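Descriptive analysis of the structure
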Amino acid sequence: MQQTHRLKGMLTDRDIVVKVLAEGRDPANVTAGELAQGEVVTIGADDDAAEILRTMGQYKVRRLPVIDGQELVGIVAVADVARSLPERPVGDLIEAISERG
């Protein structure tokens, strides 16, 4: 049987704090698969910075897996975008991500 190598989820330090520590669970007994649930939001390797900003703002995420076809080729973070764009679009993004819906 051929194994598929697809991105199945993203896990952040915040996920560990909120879903494990804050709930009093033992980190030694919780798997990454249990925590990385929900829709995987990605960005294409050829997408431009404007698309990265739109996607991060829409899904209120600070990091996006970068895929080329089905292959994970990296992760882009807000800090990466901030280093390469003018201040205003990045400020708008941070504001959008930080809003609680």
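On a predicted model such as this, the values are computed, not experimentally measured, just so you know.

Parameters and conventions
Each chain carries its own residue numbering, running from 1 in the written order of its sequence. The predicted origin of the model limits local features to residues at a pLDDT of at least 70 and limits the giving and counting of side-chain atom pairs to 80 or more, whereas totals for whole chains, interfaces and linings rest on all residues. With hydrogens and water stripped out, all remaining heavy atoms of the structure feed into the side-chain values. In DSSP terms, a helix is any run of H or I states spanning at least four residues, a strand is any run of E spanning at least two, and both are numbered starting from the N terminus. Exposed residues in this analysis have more than 50% of their type's maximum accessible area, buried residues have under 20%, and partly exposed residues fall in between, with area computed by a 1.4 Å probe over protein chains only. Pairs of residues are marked as contacts when any of their non-hydrogen atoms sit within 4.5 Å. Only buried Ala, Val, Leu, Ile, Met, Phe, Trp, Tyr and Cys residues count toward a nonpolar core, and they belong to the same one when joined by side-chain atoms within 4.5 Å. Salt bridge, as applied in this entry: a Lys or Arg side-chain nitrogen positioned within 4 Å of an Asp or Glu carboxyl oxygen.

Re the overall build of the chain
- The helix and strand inventory of the chain stands at five helices and three strands.
- When the helices and strands of the chain are read in sequence order from the N terminus, they spell out α-α-β-α-β-β-α-α.
- In the chain, which comprises 101 residues, the proportion classed as buried is 23%.
- Relative to all contacts within the chain whose residues are 6 or more apart in sequence, the contacts with residues 24 or more apart total 41%.

Quick notes on the nonpolar core
- One finds Val41, Ile43, Ile52, Leu53, Met56, Leu64, Val66, Val76, Val78 and Val81 forming the largest nonpolar core, which totals ten residues.
- At the level of elements, α3 (49-59), β2 (63-68) and α4 (78-84) are the ones that each hand at least two residues to this core.
- No other element matches the three residues that α3 contributes to this core.

Observations concerning the pattern of salt bridges
- By the definition in use, this model includes four salt bridges.
- Taking the shortest distance from any N to any O, the salt bridge between Asp15 and Lys19 comes out at 3.9 Å. In this pair, Asp15 and Lys19 are both assigned in helix α1 (residues 13-21), four residues apart and thus about one turn of the helix distant.
- Arg25 serves as the salt-bridge partner of Glu34, at 3.0 Å between the closest nitrogen and oxygen.

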